[in-house]
Amino acid sequence: MNGIKIKGMGHCVPAQVLTNEDIAQRVETSDDWITSRTGIRQRRHCAAEGHLDLCTGAAQAALERAGVTADQIGVCVVATLAADTIVPSAACALQRTLGLPEDTVCFDLNAACTGFLFALHTVECLLNAASRSYGLVLGCDVLSRLTNWEDRSTCVLFGDGAGAAVVECRTGWPSIGAVLGVHGNESLLFCPGIGSDEPSCIAMEGQAVYKFAVAAIPWCLDQVLEKHHITVDAVDFFVFHQANARILDRVVRKYHIPPEKYGKNIDAYGNTSAASIPILLSELQAQGKLTSGSRVLVVGFGGGLTWGGALVEFA
């Protein structure tokens, strides 16, 4: 199978900033309580913007950075659990907005916070059979729509945003070697949907999810390293799903990853679900930390329960 590399990243976040102090006006909490337990200081919530607005902004930025035009895209997958509409999908709406060719394969994918990695792997597979060699992969979620403002343990966590990657598939390029997994569980982290008597709000068993995450990240990391026959030292950068700063710090200490080889932006955006990883990748590329040839080990985890890892190279 031919592999893919990232040509360009882009991201888009809402204008409205919601600080910890703002949330403390709504529920019984404090900036110190939130920051010490999560590392989050603020997050972005949609006011005037919609899901499609975020997708469009991120995708246009990625296309521009990649130097790729809409008519070159053969596959478009949006990882999301909170699109504007169930039908049409966010990817179909984006096809119209961007003017992607009508034979572009477009659909949404829901793997919660691991969604971007599931979508990246899916696009790699599809591009091997596509007539065009470029794909558009997005992670976008508007979790403010699904927030329970009476639950102070979860309402402090989530933000809105979108990240996009333009990838190219070529003969001779290595596969990203994605390692993906699922353990079906609807009690630790869930959000009721259509037909349920319960409101569509996120509910989570925080301690149990924390234990799952601190086990899932090292497992994924080890599996990706083994699959590619490399060590930690051979990786240029590490990007993890931004869910909790304490989880990330624990992994970094375990693997002795130097500060210059990993990034965090959870303090500014909170947990943006499927958008978390591509937003951080986009910021790192814009800062010049990820350039041509950079090899990035990416790990995600989330509701489902889902987890995944991959080794992604920048073209």
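Presented here is an overview of the structure given in this document. (Residues numbered from 1 in each chain as written. Predicted model: local features only at pLDDT ≥ 70, side-chain atom pairs only at ≥ 80, totals over all residues. Heavy atoms only, no water.)

1. Considerations on the nonpolar core
Core analysis: the largest hydrophobic core is formed by 47 residues, its most contacted members being L221, F238, F240 and L297. For this core, the secondary-structure elements that each account for two or more residues are α6 (206-228), β11 (237-240), α7 (245-255), β12 (295-302) and β13 (304-313). Top element by residues in this core is α6. It accounts for 11 residues. Once you skip the residues sitting within four places of it in the chain, F238 turns out to touch L221, V232, I257, K261, Y262, G263 and L297. Formed by 34 residues, the second largest nonpolar core is a distinct cluster that contains F118, V167, F237 and F314. (Core = buried A, V, L, I, M, F, W, Y, C linked by side-chain atoms within 4.5 Å. Buried < 20%, exposed > 50% of the residue type's maximum accessible area, 1.4 Å probe, protein only. Helix = DSSP H or I, 4+ residues; strand = E, 2+ residues; numbered from the N terminus. Contact = heavy atoms within 4.5 Å.)

2. Regarding the environment of C220
Checked against the element boundaries, C220 lands in helix α6. C-alpha separation for the pair C220 and G308, spaced 88 residues apart in sequence, amounts to 6.1 Å.

3. Some remarks on empty space enclosed by the protein
As enumerated under the stated definition, the model contains 1 cavity of 30 Å³ or more in all. Taken as a whole, the largest cavity encloses approximately 30 Å³ of empty space. Around the largest cavity sit Q242, N265, Y269, G270, T272, A275, S276 and I279, which together line it. For the lining of the largest cavity, a count of residues per class yields 3 nonpolar, 5 polar and no charged. (1 Å grid on protein atoms, 1.4 Å probe; cavity = no way out; pocket = protein on both sides within 12 Å on 5 of 7 lines; lining within 4 Å. Points joined across faces, edges and corners; volume = space filled by probe spheres on them. Nonpolar A, V, L, I, M, F, W, Y, C, P; charged D, E, K, R; others polar.)

4. Brief notes about the state of the cysteines
Simply put, disulfide is the name for a covalent bond between the sulfur atoms of two cysteines. One pass over the structure, following the stated rule, counts 0 disulfides. For the unlinked cysteine C55, the closest cysteine sulfur is that of C140, found at 3.7 Å. With a relative accessible area of 1%, C55 lands in the buried category. As a non-bridged cysteine, C76 has C106 as the owner of its nearest cysteine sulfur, 4.7 Å distant. (Disulfide = S-S within 2.5 Å.)

5. Things to note about unusual backbone geometry
Peptide bonds are mostly trans, and most non-glycine residues show a negative phi. Between V87 and the following residue, P88, the backbone shows a cis peptide bond with an omega angle of 0°. Looking at where P88 falls in the secondary structure, it is placed in the loop between β4 (73-79) and α4 (90-98). For the bond from G304 to L305, the omega torsion is -10°, close enough to zero to count as cis. Note on placement: L305 falls in strand β13. For H256, which is not glycine, the phi dihedral falls at a positive 55°. For H256, the position within the fold is in the loop between α7 and α8 (266-269). Here H256 falls in the exposed class, since its relative accessible area comes to 69%. In the Ramachandran plot, S273 falls in the positive-phi region, its phi being about 55° despite a non-glycine side chain. Within the element layout of this structure, S273 appears in the loop between α8 and α9 (276-286).

6. Observations regarding the sheet that holds β12
One open sheet holds the 4 strands; their spatial order is β8-β13-β12-β11, and the pairing between them is mixed. Sheet topology places β8 (179-185) and β11 at the edges, where each strand pairs with a single neighbour. Going from strand to strand, the sheet's axes swing by 10° on average, the running direction of each strand aside. Examined bridge by bridge, β8 and β13 share 5 bridges and lie antiparallel to one another. If you follow V182 over to β13, its bridge partner there is T306. (Pairing = 2+ DSSP bridges. Axes fitted to C-alpha atoms, helices over the stretch in contact; angles between N-to-C directions.)

Any link to function would need more than the numbers given here.
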